[in-house]
Amino acid sequence: MNKTTKTLAGSLLLATVYNPVLAAPEGNTSASGIKVGVAFDQGFGITAQFDNKINAFIGNDGLSMDYILKKGAFSSDVPINWYVGIGGAINWDDHNNDNSYSVRVPLGASIPFAKSWDVYGQVAPDFALKDRHDNNDNDYEFGIDLALGVRYGF
């Protein structure tokens, strides 16, 4: 499967997993509960956040989706919010054209810097299964995913 087909398939998967008709907004600063932007996560790509609960990303090298379990603010004086979640990632361009499938725990912070805009960064320790194409030797590894992005809330 080439990258374009994988990117389109991933976008379709994200669209079917999240149905905005069923979602109830919960204290989101954006009117519709949807934020969209650009980021570096699984390569460079598009990021979205739904109802301050689901972070999704699709990029050059893969896709990821995280559910935010807990969030808060560091203090009332500093406009930095933190979050922790659980999620997964699929990486289809892992060095030797091998695929990897991982479970991850994102730990992140977001900073609103203008009306409807925020910038975020996260560190996500992960456990990945590497699917080797050249032989049947699949292996497991621990790693760390990093993400940095900017989003606009609609």
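(A) Main features of the packing of aromatic side chains. On inspection of all chains with the given rule, the structure shows six aromatic pairs. Ring centres of F40 and F44 lie 5.1 Å apart, and the angle between their planes is 55°; on these two criteria the pair is classed as tilted. Judged by relative accessible area, which is 52%, F40 ranks as exposed. The rings of F113, W117, Y152 and F154 are connected pair by pair, giving a single aromatic cluster.

(B) Up close: the pairing of strand 4 (residues 62-73). Pairing analysis gives five bridges linking strand 3 (residues 54-59) to strand 4, with the strands arranged antiparallel. Across the sheet, the residue bridging to F57 is S64, located in strand 4. From the end of strand 3 to the start of strand 4, which pair antiparallel, there are two residues.

(C) The arrangement of unusual backbone geometry in detail. Positioned with a positive phi, D51 is a non-glycine residue whose angle comes to about 55°. Among the residues examined, D51 registers a relative accessible area of 5% and is labelled buried. Even without a glycine there, the phi angle at S116 is positive, about 70°. Tracing the backbone shows S116 in the loop between strand 7 (107-114) and strand 8 (117-131). Taking relative accessible area as the criterion, S116 reaches 26% and is therefore assigned partly exposed.

(D) Molecular detail of the side chain of Q42. Its location among the elements puts Q42 in the loop between strand 1 (34-41) and strand 2 (43-50). Overall, Q42 belongs to the buried group, its relative accessible area being 4%. Side-chain polar atoms of Q42 contact the side chain of N91, separated by 3.3 Å. Filtering out sequence-adjacent residues up to four positions away, Q42 remains in contact with F57, G59, N60, D61, G62, L63, S64, A89, I90, N91, R104 and D145.

(E) Looking closely at the side chain of R151. Position of R151 relative to the elements: it lies in strand 9 (residues 139-153). R151 sits in the buried class, given a relative accessible area of 1%. In this structure, R151 is in contact with K35, V36, G37, T47, Q49, N55, S110, S116, W117, D118 and Y120, ignoring residues within four places of it in sequence.

(F) Structural view of the pattern of salt bridges. Counted according to the given criterion, the structure contains six salt bridges. K130 is the partner of E141 in a salt bridge, and the nearest nitrogen-oxygen pair spans 3.2 Å. Highlighted residues: E141 in strand 9 and K130 in strand 8, separated in sequence by 11 residues. Connected through shared salt-bridge partners, D41, D66, R104 and D145 make up one network.

Rules of the game
- Residues numbered from 1 in each chain as written.
- Predicted model: local features only at pLDDT ≥ 70, side-chain atom pairs only at ≥ 80, totals over all residues.
- Heavy atoms only, no water.
- Phe/Tyr/Trp six-rings, centres within 6.5 Å; stacked < 30°, edge-to-face > 60°.
- Buried < 20%, exposed > 50% of the residue type's maximum accessible area, 1.4 Å probe, protein only.
- Pairing = 2+ DSSP bridges.
- Helix = DSSP H or I, 4+ residues; strand = E, 2+ residues; numbered from the N terminus.
- Polar contact = N/O pair within 3.5 Å; in protein donor to acceptor, adjacent residues only side chain to side chain.
- Contact = heavy atoms within 4.5 Å.
- Salt bridge = Lys/Arg side-chain N within 4 Å of Asp/Glu carboxyl O.

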